[in-house]
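Residue-level listing of the chains:
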Amino acid sequence: MRIVSLLPAATEMLVALGFESQIVGRSHECDSPESVQSIPICTRTPIDTRATSREIDQQVKNTLQAGLSLYELDLAQVQALQPDLIVTQNQSELCAISFAELEKQAANQLGAVKILSLSAQDVGGVWDDLRQVAQYLGVLDLGDRLIFRLQQRLAKIAGGVHATQRRVLCLEWLDPLMGMGNWVPELVEMAGGIPLLGQVGEHAEQINWEQIEAADPELIILSPCGFSLAQTQASLAALQSQPQWQALAAVQNKQVYLVDGKQYLNRPGPGLADSAEILAEIIHPADFDYGYRGQAWLPLEA
């Protein structure tokens, strides 16, 4: 089977299920594990992802208002690769090329290729997506065993929390401010936190300083979608210049942490267990130490 994956989480699923050698094309964002980076790229974006949070947000709004797509398919490349299967998503036009966009751009030019569309909105949805991929590939038993191992890791975290729960605010974007939804509030709860300003199964919503002040988080996690730790560090000025930010108890108590938003928290794949372990390390460091610090997350003062 020849597979083109247009979603980073799907690429990670395919690798975890043992199908890396059959991935012949990927999106420009599929970068994990490192070994897939030699696979031909089949998408591109007009957005300058090196810009600031505010600039990227404006680019996205301008592109959508113009009726354009945030992701463009290299149709010639896909045709040349002759895939039997394309895996994409139908969760959000902001996350990756969507099923509807793939149909619009590809029209009938890809022949009888099968398209799988993933749509996870919460933790249960991630397991459903993984099972869907495994079933299509004929390895449902392997998929179920993988899901069981991931669920066991999450259960171990939930059962290992002995300290008092802490109020946790996770931000998916810094300028404008957006709170994390979808599967992240569930992961926060498993890791012994009380999630603030984000709803399970709902996309990130823009929030304001008044809401943050009223929520009074004890701990803040900054993990902008698609941003590495270095990019997040370079984007902090928009927050740190605000007097409301400086007045927050979590900031004054040095309880602000940066998480690699490119690899963790924002990807609904097998890495969900890694994301939960990262949250556990941050929220309850006396109970958990998985060794992610310095690689996947840092305290703000570092």
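Remember, predicted model here, so these are calculated numbers, not experimental data.

## A look at the pairing of strand β11 (residues 219-222)
Next up, step 1: Residues L219 and I221 of β11 are buried on one face, and the alternating residues I220 and L222, pointing to the opposite face, are buried as well.
Next up, step 2: Relative to β11, strand β7 (residues 166-174) runs parallel, the two being bridged by 4 bridges. Across the sheet, C170 pairs through a bridge with I221, a residue of β11.
Next up, step 3: Direction of pairing for β11 relative to strand β12 (residues 256-259): parallel, over a ladder of 3 bridges. If you follow I220 over to β12, its bridge partner there is V256.

## Side note on the nonpolar core
Next up, step 1: Within the largest apolar cluster, 55 residues are counted, with the highest numbers of intra-cluster contacts made by L137 and I221.
Next up, step 2: In terms of residue count, helix α13 (residues 272-283) provides more of this core than any other element does, 8 residues in total.
Next up, step 3: In this view, L137 contacts M1, I3, L14, L17, F19 and L85; residues no more than four positions away in its chain are not counted.
Next up, step 4: Of all hydrophobic cores here, the second largest spans 22 residues; its members include L6, I56, L73 and L75.

## Points about the pairing of strand β5 (residues 85-89)
Next up, step 1: The element β5 is extensively covered by neighbouring structure, given that 5 of its 5 residues are classed as buried.
Next up, step 2: The two faces of β5 match: L85, V87 and Q89 on one face and I86 and T88 on the other face are all buried.
Next up, step 3: Strand direction decides the pairing type here: strand β1 (residues 3-5) and β5, joined by 3 bridges, are parallel. Directly across from S5, in β5, lies its bridge partner V87.
Next up, step 4: Pairing analysis gives 5 bridges linking β5 to strand β6 (residues 114-118), with the strands arranged parallel. Across the sheet, the residue bridging to I86 is I115, located in β6.

Quick notes on the rules
- Residues numbered from 1 in each chain as written.
- Predicted model: local features only at pLDDT ≥ 70, side-chain atom pairs only at ≥ 80, totals over all residues.
- Heavy atoms only, no water.
- Buried < 20%, exposed > 50% of the residue type's maximum accessible area, 1.4 Å probe, protein only.
- Helix = DSSP H or I, 4+ residues; strand = E, 2+ residues; numbered from the N terminus.
- Pairing = 2+ DSSP bridges.
- Core = buried A, V, L, I, M, F, W, Y, C linked by side-chain atoms within 4.5 Å.
- Contact = heavy atoms within 4.5 Å.

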